[in-house]
Amino acid sequence: MKTHIDLQVTGMHCANCSSRLEKALNLLPGVNAAVSIATEKAHISYDPKTLTPEGLIKAIQETGFDAHPMRDFAAEKLARLAALQSQQRQFILAALLTAPMLLQMLLMFAGIHLMLPDWLSFLLATPVQFWIGGRFYSGAWRSLRGGAANMDVLVVLGTSAAYFFSCAVWLLNLDQPVYFEAGATLITLVLLGKLLEAHAKGKTSSALEALISLQPKIAHVERDGVMLEMAIDQMRIEDVFLVRPGESVPVDGIVLSGSSAIDEAMLTGESLPQSKSKGDTVYAATLNGLGVLKCRAQAIGSHTRLAAIIRLVEQAQGSKAAIQQLADKLSAVFVPTVVCIALLTFVAWWVAGSTLGTALINAVAVLVISCPCALGLATPTALVVATGRAAQTGILVKDAEALERTHKLSVLLVDKTGTLTEGHPAVTDLLPHGDLTGDELLKISAALAQGSTHPLSRALTAHASTLRIDTEQAGNIREFPGQGLCAEINGMSYLLGSPAFAAGRAVALDDQRITALQQQGKTVLVIAQDSALLGYIAVADPLRPTSRSAVSKLIKLGIRVIMISGDNPVTSQRIADQAGISEFRANVRPEEKAALVESFKQGGNTVGMVGDGINDAPALAAAHVSFAMRGGSDIAIEAADITLMKSDLMSVVDAISLSRAALAKIRQNLFFAFGYNVLGIPLAAAGMLNPVIAGAMMALSSLSVVSNALLLKRWMPAVED
């Protein structure tokens, strides 16, 4: 039995670092690990019989990095802030030491030759090279010891070559210029780039931070008849707590008394407050309106709905899309290739008759401009921003691959009940046959329906409860999924089900009467004793207000929408017409839904499935991308790739739109990263780029990729027509 752990990793500087660590962890027995450079986390699945968390941390340390178990968000934020402040101090010191040498170089471009003594340049450059730049040497050593090469190797090779060449020129009094300023300026620029990158990467997780910060720290809890203020981490299940006007709900609970309207936008993206009264569920971090609510705690700590959302978002942000895995593979061979190009550049310039200094400085420019940081950040930063933005709008993505596949959807199968419709069918007609009264017909049907969880069965029992009709206990219940059920009441056999189900058991039906009801979009249930008809009950499940608009937008996105239903063709046609859907499949049994998904996949289509019930789970699992409504069954939600907290088909439109926006940003980022190197390396090799300019371009490339990903925060959900 495997278990999971998330570790916060420190010491990673680029995509090669995360790839190397991931490879090392996956070599451990029974370990499956995913390491994200964007979130600096390792999500590890391991066998606790063979490994411990301490053993995993030790393995990470042996690879050249450090790690610790995930702390609460506030502690991690403080740690990141401390690291950022340390980076800022290092950069400021490096900038102060480099400034005189950089000024000398800038004055030279202006025609003013004010040269610092070589010994002064040496004194200024040395602490930058080995003290402030020591992190690059240690990172390069750990990388090479692990059998790979990363960004640190390129920086160390380039700056060390410039530094030691300059030392040789100065000490041996050679007739060559010194390049102390080149190495020091490069390190300073790389530090600046990393500093700006850290600032920008911090913003990518702002959506997750906003979710976490919503949960209050203090709750008003009743203990032994006394109302106390206590930290929410001290609360227990079944604690009675009070939510005052304007306060956030501390934990998930059920309302015992009072009424109010609660803003659940942070959970569902739904802008309108939801009315809450006795018996309703309230969720942690949602905002209470003007009323006072007395509630009982049902879920606390890591078991709240908010905690589940945070886990899903973190899981998605730590996962890898296929396009990212390709970028990681390219990054792994990129550094050795660049080192070869730099060596060829050096040899070519020297053989062509240039001075040793010119050949060296052009090789250094190739090394510096070829940093793979931008390539490694191109995909994960966009995915982190996109999954966070999705969570803000009530769309929970299970992993990055699901988000990536969503943009390719060509066919979308939509379950009728609970997806297109409200999912709360209500009895509209009681049509007894013979001498039976409507109440008697309802009493029998409700007794039969008591043992079933089908939405139509729940509609019957709810209607009987509303009319205060007492029901008897049915026994020997045999349910036929998607068709009906048979049971016994007081030793007599009854059936409740669809007209086809009843007809198959020799019940004589009035087809004209049934068709008339079905043409009104109603579902007809037949009740019979043995083969004797007792009557009909018509049930209607109204279309969701946004379904027609959502279907229209899906069609405009180029997606073929098909409704699937277990209902009869006449009722299905009526609902499909109301929703604006031209294609539908009726009389589809639960076990046939997965086969239907597979049939649409045969034509090379990327197939999506939207559902909410237990009977949808096999089809959801079979689809390329699956969407489950929040109000649906836990099994359906577990099987789905994406959970829609709004229980609204418009959220599917939003998920597809966001997926396409995210993939567009990823392609743009990869174009920037590749284009920058494709353009920069030849220019550097041709001697057209000074190493300092190359260093500045390297820093800007990473910053541009992260900044471009942050533009996804501007994405807005669709508005109903």
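Residues numbered from 1 in each chain as written. Predicted model: local features only at pLDDT ≥ 70, side-chain atom pairs only at ≥ 80, totals over all residues. Heavy atoms only, no water.

1. Describing the sheet that holds strand S6 (residues 226–231)
Thought 1: Here we have six strands laid out as an open sheet, ordered S6-S5-S7-S13-S8-S11, and antiparallel in their pairing. The open sheet is flanked by S6 and strand S11 (281–282), the only strands paired with a single partner. (Pairing = 2+ DSSP bridges. Helix = DSSP H or I, 4+ residues; strand = E, 2+ residues; numbered from the N terminus.)

2. Re the UniProt feature "transmembrane region" (unreviewed entry) in the protein chain
Thought 1: Taking the numbering used here, the UniProt-annotated feature "transmembrane region" (unreviewed entry) corresponds to residues 91–113, 119–137, 149–172, 178–196, 330–352, 364–386, 669–686 and 692–712.
Thought 2: When the span residues 119–137 is considered, its composition is 95% helix and 0% strand, and the gap between its end C-alpha atoms is 24 Å.
Thought 3: For residues 669–686, the end-to-end C-alpha separation is 26 Å, with 94% helix and 0% strand making up the annotated structure. (UniProt positions renumbered as here; feature names shortened; annotations may be inferred.)

3. Examining the nonpolar core
A general tendency of soluble globular proteins is for nonpolar side chains to be buried together.
Thought 1: Counting 54 residues, the largest nonpolar core has Leu412, Leu420, Leu554, Phe627, Leu649 and Val652 as the members making the most contacts within it.
Thought 2: Not counting the four nearest positions on each side in its chain, Leu420 is found in contact with Val414, Asp415, Leu543, Arg544, Ser547, Val551, Met563, Ala579, Ile581 and Leu649.
Thought 3: The next biggest cluster of nonpolar side chains, apart from the first, holds 50 residues, and it includes Phe91, Leu124, Ile187 and Ala694. (Core = buried A, V, L, I, M, F, W, Y, C linked by side-chain atoms within 4.5 Å. Buried < 20%, exposed > 50% of the residue type's maximum accessible area, 1.4 Å probe, protein only. Contact = heavy atoms within 4.5 Å.)

4. Remarks on the sheet that holds strand S4 (residues 66–69)
Thought 1: As summarised here, the arrangement of the four strands in space is S2-S3-S1-S4, forming an open sheet in which the pairing is antiparallel. Lying at the two open borders of the sheet, with one neighbouring strand each, are strand S2 (32–36) and S4. Each strand axis lies, on average, 25 degrees off the axis of its neighbour in the sheet, ignoring direction.
Thought 2: Here six bridges tie strand S1 (residues 3–10) to strand S3 (residues 41–46), and the two strands are oriented antiparallel to one another. The residue of S3 that forms the bridge with Thr3 is Tyr46.
Thought 3: In the packing of helix H2 (residues 53–62) onto the sheet, contacts are made with S1, S3 and S4, and the angle to S4 comes to roughly 160 degrees. (Axes fitted to C-alpha atoms, helices over the stretch in contact; angles between N-to-C directions.)

5. Topic: the side chain of Ser565
Thought 1: Tracing the backbone shows Ser565 in the loop between strand S22 (560–564) and helix H21 (569–579).
Thought 2: Leave out the neighbours within four places in its chain, and Ser565 touches Lys416, Ser572, Arg585, Ala586, Asn587 and Val588.

6. Considering the side chain of Asn708
Thought 1: Structurally, the position occupied by Asn708 is in helix H26 (residues 691–710).
Thought 2: Within the structure, Asn708 has its side chain in polar contact with the side chain of Asn669 (distance 2.9 Å).
Thought 3: Every residue in contact with Asn708, bar those within four places of it in the chain, is listed here: Lys665, Gln668, Asn669 and Phe672. (Polar contact = N/O pair within 3.5 Å; in protein donor to acceptor, adjacent residues only side chain to side chain.)

7. Re the environment of Leu306
Thought 1: Here Leu306 is to be found in helix H10 (residues 305–318).
Thought 2: Considering only alpha carbons, one finds Leu306 and Ala285, 21 residues apart in sequence, at a separation of 7.3 Å.

8. A word on the packing of helix H20 (residues 547–556) against H21
Axis angle and axis distance: for two packed helices, these are the angle between their axes and the distance between the axes, and together they describe the pair.
Thought 1: Orientation of H20 relative to H21, taken along the N-to-C sense of each, is 70 degrees, at an axis distance of 8 Å. As far as their axial angle goes, H21 and H20 are roughly perpendicular. The segment H20 lies against H21, with Ser547, Arg548 and Val551 engaging Asp577, Gln578 and Ala579.
Thought 2: Partitioning the contact of H20 with H21 into residue classes produces two nonpolar, two polar and two charged. (Parallel < 35°, antiparallel > 145°, perpendicular 65-115°, else oblique. Nonpolar A, V, L, I, M, F, W, Y, C, P; charged D, E, K, R; others polar.)

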